[in-house]
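Summary of the model geometry
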Amino acid sequence: MTKTIASEDLQFNILRHLKKSLGKDTANATLYDWRTSLSLALRDLVVDPWFQSTRKTYEAAGKRVYYLSMEFLIGRLLEDVAVNLGAESASRAALESLGLDYDEVVHDEPDAALGNGGLGRLAACFLDSLSTLGIPAYGYGIRYEHGLFEQHFENGRQIEVAEGWLSQRHTWEFERPEVNYPVGFGGHVNGTWEPAETVIANAYDTPILGWKARWANTLRLWSAKPTVLFDLGSFNRGDLVGAVVPEALARAISRVLYPDDTTEAGKELRLKQEYFFTSASLQDIVRRFKSEGFDIETLPDHVAIQLNDTHPAIAGPELVRLLVDENGVEMKTAIDIAKACLAYTNHTLLPEALERWDLGLFARTLPRHLHIIEIIEEEHLAATGSHVRIIEDHSVKMGELAFVMAHRVNGVSALHSELVKKTVFHDLNQTYPDRIINQTNGVTPRRWLYSCNPPLRSLISETIGEGWVDDLEQLSRLEPHCADSGFLDAFMAAKRANKERLACWFSDKTDLQIDPSAMFDVQIKRIHEYKRQFMNILETIAHWNEIRDNPNGEWTPRLKIFGGKAAPGYVVAKEIIHLINDVAKVINADPVTQDRLKVVYPPNYNVSMAEILIPAADLSEQISTAGKEASGTGNMKFALNGALTIGTLDGANVEIRERVGAENFFLFGLTAEEVVERRNQHDYSRAAIAASPRLTRVLNQIADGLFSPGDPGRYHGLVRLLHEHDYFLVTCDFDDYFDTQRQVDSAFVDHARWARMAALNTARSGWFSSDRTIRGYAEDIWNSSSLLDRS
Ligand SMILES: *Cc1c(COP(=O)(O)O)cnc(C)c1O
């Protein structure tokens, strides 16, 4: 289906866009101009497959999947498009003949960072897989003007700076000025809802191309606009500022992404954002459905709506409202139709992350919806005899609302789904025993292996052909080669090339000299107490102590790499960042440990940084307190790229270990059950500290100001926290973690053994493709199918 793309044609089109779309000639073109011209030239090639997919979808008159997500953490798109078009080498050649370097051009693109972390990145991987599988689908979200903040370090402290990805032209989107919907807030209900305030949701479409350009779906993001652009009355009265107020208020709704990934903010603007994009998306879905002339009661045969966490949970009452108030459907029927369309994915068990809205705020903002929720609740209680309420303690509980209004609720790893049944939705699970199912997360192999790891991609394709890219379980065909020393050497040569690429990247950014033969030990993810970066840096200090105690010992050289942002209001997480940077300063300056231990923390971890760090990793740190990480997807990216995991039995680590084999995974720590038991023991953290001279020494060093000499009291709070409220059991898992790290040390110096373990991780990670996850959703939740003809 894909035509080969000639570099001459591409070059012609790059030059054409440079001149006609950008109004530049080659003499004064900047890197930005070249990148934009290449993007436009490639975008031209996306349009036909995109139109064809739309046409086939209308012809099939089947089911469409709608993925509603507050976040899409996409990253760069140019390389994705080039790869899926099969236009990578043509692009390289075309640019080269213009005197330009492809990698430099591709890396000029700013990340689309419309998400915080795993949840948003999952949505982006799902879009990729939906297109690769040819399942008709739309992603719906918010076109934030400012994505996730940029992280800078100032004397080791995190500073947040507003991000501005739209300050440059965003080449991939098409504005749809004609696609807009009113979204109301406030007011009152007199038979019908009369909102006090209305904003306009305006659509921007980005085509999402699948592998080999066989299919393209749409990501539709909503931007908030005022109904009246400008208050001429105020202006005429001389009130210049007042004249722009309505516009500013409306635009505020899509202005900025909330930077909290695990704490629920409970803020009015956040509620408005949630309702804004959910309402616009549902209006669009119902409009499209009706345009095809189907009977409204058949909506569930044509529409599957997936709620990515509770952020769009208002979809339940909103769909009921659209059916009842605007389409004359009876209330009871409307509720049944909505349930048959909706499904909900739970992403967290952390109590502080479960969304609840203050009843007063909710009533003021969405009065009609509150009324509908009361009816939904009444029906749920009456029909089932359940005592679980949606409205309780003066708040609206979005998890319960999403659960009651969904025909399927899924967790994101086997362990997580079991815990969902036992904890947050224990009672609802008894009432609706078949509703909760599991769909273990996955990652797209196009971005997370093919694009980001060219050396390994080539080796795999030379060994087993290219079929693995959209059929990742074919990686198992590498297994027989994992006994062949020639293959293992080539595997480790690919790893080495990625490590050298990373060492160059570091030397551009810091004055640190990095030895590519050292073990690259990587923990990159949001900074959170449950993810235990704190335990990692404590272990780093303990290891440093041990090297200094015995400087002539045989120590395995390690580079400790940290990356990740903390929510701006999360004080403890920010102190952990500060500590890591302070420790790095002291350790990196120590002549005794110079060539054995270094610590780096490049600022502003994002998708693009992950793409350079993960292929270069030897060791993947997945060390969360058991029972707290719902799934993780970083863990999958690492295993796929041949890094070994040191980890707890948490989230998808459990399934990774089952698949790659216990002998190829460094396990430590308490299990989820043991964690719960341990918390009931009196003074468990003081006991653990007292039992560990190593940990005691480290904590004393920190408390004595060894790493903050100008400010010795800086970390007293953190150290006290471990003694008094070590909720995440850093102290209890510390010794086991330390000992397991020493096993990692000895494994790493046994090159042949390590190579085999690393290669087996890649060979056995095929199941963690998001293609497999999406097939699971399509079968078990959406009842939707692929329209791809694979001829
Ligand atoms: C994959 C990814 C995540 C999720 O990482 P976890 O280790 O699963 O928390 C977060 N941020 C970025 C940029 C990612 O690429």
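Our subject is the structure listed above.
Now for a quick tour of the structure. (Residues numbered from 1 in each chain as written. Predicted model: local features only at pLDDT ≥ 70, side-chain atom pairs only at ≥ 80, totals over all residues. Heavy atoms only, no water.)

For the rest of this paragraph, the subject is the overall build of the protein chain. Secondary structure assignment for the protein chain yields 32 helices and 24 strands. A compact globule built from 791 residues should have a C-alpha radius of gyration of about 28 Å, and the protein chain, at 27 Å, falls within 12% of that. Taking all 791 residues of the protein chain together, the buried fraction comes to 61%. Excluding contacts between residues fewer than 6 apart, the proportion of contacts in the protein chain whose partners are at least 24 apart in sequence is 78%. Working note: accessible area of the protein chain is about 29,200 Å², and carbon and sulfur atoms make up 50% of it. (Helix = DSSP H or I, 4+ residues; strand = E, 2+ residues; numbered from the N terminus. Rg over C-alpha atoms; globule rule 2.2 N^0.38 Å. Buried < 20%, exposed > 50% of the residue type's maximum accessible area, 1.4 Å probe, protein only. Contact = heavy atoms within 4.5 Å. Areas by Shrake-Rupley, 256 points an atom, 1.4 Å probe, with all protein chains shown as cover.)

What follows is about the pattern of salt bridges. Within the structure shown, the criterion is met by 56 salt bridges. The residue Asp 44 makes a salt bridge to Arg 16 at a minimum N-O spacing of 3.3 Å. Within this pair, whereas Asp 44 is found in helix α2 (residues 31-60), its partner Arg 16 is found in helix α1 (residues 7-20), the two being separated by 28 residues in sequence. Judged by its relative accessible area of 33%, Arg 16 is partly exposed. (Salt bridge = Lys/Arg side-chain N within 4 Å of Asp/Glu carboxyl O.)

Spatially, β7-β10-β11-β4-β1-β12-β13-β17-β18 is the arrangement adopted by the nine strands of the open sheet, whose pairing is mixed. Sheet topology places β7 (174-185) and β18 (436-438) at the edges, where each strand pairs with a single neighbour. Adjacent strand axes in the sheet meet at a mean angle of 25 degrees when their direction is disregarded. Relative to the sheet, helix α9 (residues 268-291) contacts β1 (64-68), β4 (137-142), β7, β10 (197-209), β11 (216-226) and β12 (303-308), its axis offset from that of β7 by approximately 115 degrees. (Pairing = 2+ DSSP bridges. Axes fitted to C-alpha atoms, helices over the stretch in contact; angles between N-to-C directions.)

The next subject is the sheet that holds strand β21 (residues 597-600). Here we have six strands laid out as an open sheet, ordered β21-β20-β19-β22-β23-β24, and parallel in their pairing. For this open sheet the edge positions go to β21 and β24 (666-667), each flanked by a neighbour on one side alone. The pairing of strand β22 (residues 619-622) with strand β23 (residues 644-647) spans four bridges and is parallel. Across the sheet, residue Gln 622 finds its bridge partner in β23, namely Gly 647.

With that settled, consider the site of the ligand. Neighbouring residues of the ligand: 14 residues in total, closest Lys 525, Lys 531, Thr 633, Gly 634 and Lys 637. In the model, an oxygen atom of the ligand is placed 2.8 Å from a nitrogen or oxygen of the Lys 531 side chain. Lys 637 places a polar side-chain atom, nitrogen or oxygen, 2.7 Å from an oxygen atom of the ligand. Against a free-state accessible area of 390 Å², the protein chains account for coverage of 95% of the ligand. Broken down by class, the residue content of the shell around the ligand amounts to five nonpolar, six polar and three charged. (Near = heavy atom within 4 Å. Polar contact = N/O pair within 3.5 Å; in protein donor to acceptor, adjacent residues only side chain to side chain. Nonpolar A, V, L, I, M, F, W, Y, C, P; charged D, E, K, R; others polar.)

Secondary-structure assignment places Ser 451 in helix α18 (residues 445-451). Discounting residues that sit within four places of it in the chain, Ser 451 has contacts with Glu 79, Val 83, Arg 446 and Arg 457.

Looking now at the packing of helix α21 (residues 533-549) against helix α22 (residues 571-588). α22 packs onto α21 with a crossing angle of 20 degrees between their chain directions and a minimal axis gap of 10 Å. Taken together, α21 and α22 sit at an angle that is classed as roughly parallel. By crossing handedness, the relation of α21 to α22 is classed as left-handed. Residue-level contacts link Gln 533, Phe 534, Ile 537, Thr 540, Ile 541 and Trp 544 of α21 to Ile 576, Leu 579, Ile 580, Val 583, Val 586 and Ile 587 of α22. Taken together, the residues that form the contact of α21 with α22 break down as ten nonpolar, two polar and no charged. (Parallel < 35°, antiparallel > 145°, perpendicular 65-115°, else oblique. Left-handed = near helix turned anticlockwise from the far one by under 90°.)

Turning our attention to the pairing of strand β5 (residues 150-154). Regular strands place their side chains on alternate faces of the sheet. Of the pairings in the sheet, the one linking β5 to strand β6 (residues 157-161) comprises five bridges and is antiparallel in character. From the neighbouring strand, Phe 153 faces β6, where its bridge partner is Gln 158. The hairpin formed by β5 and β6 contains two residues between the paired strands, and Asn 155 there has a positive phi angle of roughly 50 degrees.

Moving on to the environment of Leu 130. Considering the arrangement of structural elements, one finds Leu 130 in helix α6 (residues 118-133). When its relative accessible area of 1% is taken as the criterion, Leu 130 is described as buried. Leu 130 sits 645 residues away from Arg 775 along the chain, and the two C-alpha atoms are 8.8 Å apart.

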